[in-house]
Amino acid sequence: MSHKNLILSLNAGSSSLKISLYALREGKAESDEEPVQLLLTSSVSGISAPPAKFSFKPSSGNAQSVKDENIESIHDHASAFAHFLERLEKDASIDRNAIQYICHRVVHGGDYVEPVEITNESYHHIEKLSDLAPLHNGSALSVIKSCIEALPKSKSIAYFDTTFHTSIPVHISSYAIDPEIAKKRGLKKYGFHGLSYAFILGAVSKFLNKPTESLNLIILHLGSGASACAIRAGKSFDTSMGLTPLHGLPGATRSGTIDPSLIFHYTNKAGRITHDPGMASDIHVTQAEDILNRKAGWKALCGTTDFGIISDKAELDKDDQNGHISKTNLNRLAFDLFVDRILGYVGSYHLKLGGEVDALVFSGGIGERSVALRDRIGEKIRCLGYQDVDRDRNGKVAASDGAVSEISTGVSRRKILVVKTDEQLEMTRECVSDKKLWA
Ligand SMILES: Nc1ncnc2c1ncn2[C@@H]1O[C@H](COP(=O)(O)OP(=O)(O)O)[C@@H](O)[C@H]1O
Ligand SMILES: CC(=O)OP(=O)(O)O
Ligand SMILES: [Mg+2]
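Reading the values: the criteria
Residues numbered from 1 in each chain as written. Chains lettered and ligands numbered in written order. Predicted model: local features only at pLDDT ≥ 70, side-chain atom pairs only at ≥ 80, totals over all residues. Pairing = 2+ DSSP bridges. Helix = DSSP H or I, 4+ residues; strand = E, 2+ residues; numbered from the N terminus. Axes fitted to C-alpha atoms, helices over the stretch in contact; angles between N-to-C directions. Contact = placed C-beta atoms within 7 Å. UniProt positions renumbered as here; feature names shortened; annotations may be inferred. Buried ≥ 20, exposed ≤ 12 C-beta atoms within 10 Å, placed from the backbone. Near = placed C-beta within 6 Å. Nonpolar A, V, L, I, M, F, W, Y, C, P; charged D, E, K, R; others polar. Domains from an automatic or database assignment. Parallel < 35°, antiparallel > 145°, perpendicular 65-115°, else oblique. Left-handed = near helix turned anticlockwise from the far one by under 90°.

## Some words on the sheet that holds strand 14 (residues 404-406)
A sheet is described by the order of its strands in space; here 6 strands give the open sequence 11-10-9-12-16-14, paired in mixed fashion. The open sheet has two free edges, formed respectively by strand 11 (235-239) and strand 14, since each of these has just one partner strand. Across this sheet, the average inter-strand angle for adjacent strands is 25°, counted without regard to direction. Note: strand 9 (residues 217-222) against strand 10 (residues 226-232), 6 bridges, orientation antiparallel. Note on strand 10: the bridge partner recorded for histidine 221 is serine 227. Across the face of the sheet, helix 11 (residues 330-352) comes into contact with strand 9, strand 10, strand 11 and strand 12 (359-363) while running at roughly 10° to strand 10.

In structure tokens form, the structure reads like this:
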């Protein structure tokens, strides 16, 4: 395939590497047309629960699609990217020299409030923030490093999850601690999943045919990392993650919010630097942070990071009348606990938005796929004036990237939607619209 002006978009999540390759459209795009054409998507999932699964899906042409192939040689994000590059050349015959820009999702941007080109200085700035996103920034940097080595002609640009949340008012983003120390050390709520929230906001605005500035939404991004966001007048007003992506909802291996004192009763080595081989060697965090980020969440409760399995088993327990499954079924506990924490945020954000909410949106790997979770949350929020979840619609949510599915019906104006989020496309749109890059 021969294309000019390619944009490669890389999203290093805590358990996955998601990749999309686009070609810039020639000529002026129609007003409603995407400025890029998608050439292929690829993903490596289960990086934190090997064997990792590799998928490769060209949009057209003769190249073969691959779905969920177990790849033993992938053990981290850098080896996942190396495997992708190999397959790009072998399976899709795309000339990597045609890649002009590489967009990288970087979770923690610290005080960077806009995307930055990767230079020595910005690389080290992102590296310094690695301890504040121990499952993320280091992985993104390892992929950036691979790009510098394997694709020296392409320019790498970092897009931050934190940028979207710079609109959060100071009384919401501040902690009740010594303000001088907070300022000196940058201790405040940053919030994450911002690229996903920006994408979802745009998709919902189009779907409801309302300008973003007029929208109030509660969005749930439920993936390996899970967070909630209150959008007021098209801007982030509050979000559940904080200084780090540990705060708020539990995740695949993360505890979410706990009483901070709990950790000192859990272990008497909380403050020591961890030497666990599972934590990347260039990340320096305490055992407390290691336990709460990597040895907690669904993995600790149920022995799996796959919420699909948890929700199936939780369902089994509900139907069992013979006492074969213990009443203390941990899958059931995990499911109910997740529902409880999500409801806490939905209720709180509903109030913070003064009851003016246009829609509740589900997204992320769990939000997009768990029919049971959407059904349960839908049932619980009816008292807030949301429409009813429609069984049929809920079971048939569209699976393509960017799709918006309405799963509720009724007379209330408050809808329940599912959006298949696309952080790679969000970064690419920003890249294309940045005039400096295309002068
Ligand atoms: N059928 C399913 N039902 C519920 N959850 C699922 C299903 N399939 C995958 N998941 C969940 O989606 C998670 C991955 O979400 P995703 O947003 O893609 O992850 P990441 O945070 O790495 O970007 C998995 O950890 C798994 O728990
Ligand atoms: C911020 C975060 O937790 O991201 P992810 O869900 O992709 O791991
Ligand atoms: Mg993700």
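Text resumes after the structure shown.
## Thoughts on the UniProt feature "active site" (unreviewed entry) in the chain
The sites that carry the UniProt feature "active site" (unreviewed entry) are, in the present numbering, Asp161. Looking at where aspartate 161 falls in the secondary structure, it is placed in the loop between strand 8 (155-160) and helix 4 (170-173). What makes aspartate 161 buried here is the crowd of 27 C-beta atoms within 10 Å. Residue contacts for aspartate 161: discarding those within four places in its chain leaves Arg105, Val107, Phe192, His193, Gly194 and Leu195.

## A few points about the pairing of strand 3 (residues 36-45)
With 9 of 10 residues buried, strand 3 is to be regarded as a mostly interior element. Inspection of the sheet shows strand 2 (residues 17-24) paired to strand 3 by 8 bridges, in the antiparallel sense. Its bridge partner lying in strand 3, serine 20 is registered against threonine 41. Counting the residues that bridge the hairpin from strand 3 to strand 4 (residues 52-58) gives 6 residues, and of these glycine 46 lies at a positive phi of roughly 70°.

## Topic: helix 8 (residues 287-294)
Burial runs high along helix 8: 6 of the 8 residues are buried. Those residues of helix 8 not exposed but buried are Gln287, Glu289, Asp290, Leu292, Asn293 and Arg294. The inward-facing, buried residues of helix 8 abut helix 7 (262-266).

## Notes on the UniProt feature "binding site: Mg(2+)" (unreviewed entry) in the chain
Following the UniProt record, the feature "binding site: Mg(2+)" (unreviewed entry) maps to Asn11 and Glu423 here. Sequence-wise these annotated residues cover 413 residues; spatially they are packed, their C-alpha atoms never more than 7.1 Å apart. As for its placement among the helices and strands, asparagine 11 is situated in strand 1 (residues 6-12). Asparagine 11 gets classed as buried once you count the C-beta atoms within 10 Å, which come to 25. Residue placement: glutamate 423 occurs in helix 15 (residues 423-433). If we skip the residues at most four places from it in the chain, glutamate 423 touches Asn11, Arg105, Leu195, Ser196 and Phe199.

## Some thoughts on the environment of serine 45
Position of serine 45 among the secondary structure elements: in strand 3. A sequence separation of 29 residues divides serine 45 from serine 16, and the C-alpha atoms of the two residues are 4.4 Å apart. Aside from chain neighbours lying at most four places away, what touches serine 45 is Ser15, Ser16, Ala52 and Lys53.

## Quick notes on the site of ligand 1
The immediate surroundings of ligand 1 are formed by 18 residues, with Gly13, Gly223, Ser224, Gly308 and Gly365 found nearest. Elements with a contribution of two residues or more to the shell around ligand 1: helix 10 (307-319) and helix 12 (364-369). Counting residues per element, the shell around ligand 1 draws most heavily on helix 12, at 4 residues. Looking at the shell around ligand 1 residue by residue, the class counts come to 3 nonpolar, 13 polar and 2 charged. Shared between two domains, the shell around ligand 1 takes at least three residues from each, and those domains are domain 1 (6-160) and domain 2 (210-423).

## Observations concerning unusual backbone geometry
Of the consecutive residues proline 50 and proline 51, the connecting peptide bond is found in the cis state with omega at 5°. Along the polypeptide, proline 51 turns up in the loop between strand 3 and strand 4. One non-glycine residue, asparagine 209, lies in positive phi territory at about 55°. Looking at where asparagine 209 falls in the secondary structure, it is placed in the loop between helix 6 (194-208) and strand 9. Even without being a glycine, alanine 233 presents a positive backbone phi close to 50°. On the secondary structure map, alanine 233 appears in the loop between strand 10 and strand 11.

## Overview of the sheet that holds strand 1
Here we have 8 strands laid out as an open sheet, ordered 5-4-3-2-1-6-8-7, and mixed in their pairing. The open sheet has two edge strands, strand 5 (66-71) and strand 7 (116-117), and neither has a second partner. Note: strand 1 against strand 6 (residues 99-106), 6 bridges, orientation parallel. Within the sheet, the bridge partner assigned to leucine 10 lies in strand 6 and is histidine 104.

## Some points on the packing of helix 1 (residues 77-92) against helix 3 (residues 137-150)
Running from N to C, helix 1 and helix 3 cross one another at 40°; their axes reach a closest spacing of 8 Å. Relative to helix 3, the element helix 1 lies oblique. By crossing handedness, the relation of helix 1 to helix 3 is classed as right-handed. Mapping the contact onto sequence places His77, Ala78, Phe81, Ala82 and Leu85 in helix 1 and Ser139, Ser142, Val143, Ser146 and Ala150 in helix 3. Looking at the contact of helix 1 with helix 3 residue by residue, the classes come out as 6 nonpolar, 4 polar and no charged.

## What about the packing of helix 6 against helix 15?
Packing of helix 6 against helix 15 leaves a shortest axis separation of 8 Å and a crossing angle of 80°. Classified by the angle between their axes, helix 6 and helix 15 sit roughly perpendicular to one another. For the pair helix 6 and helix 15, the contacting residues are Leu195, Ser196, Ala198 and Phe199 in the first and Glu423, Leu425, Glu426 and Met427 in the second. Within the contact of helix 6 with helix 15, the residues separate by chemical class into 5 nonpolar, 1 polar and 2 charged.

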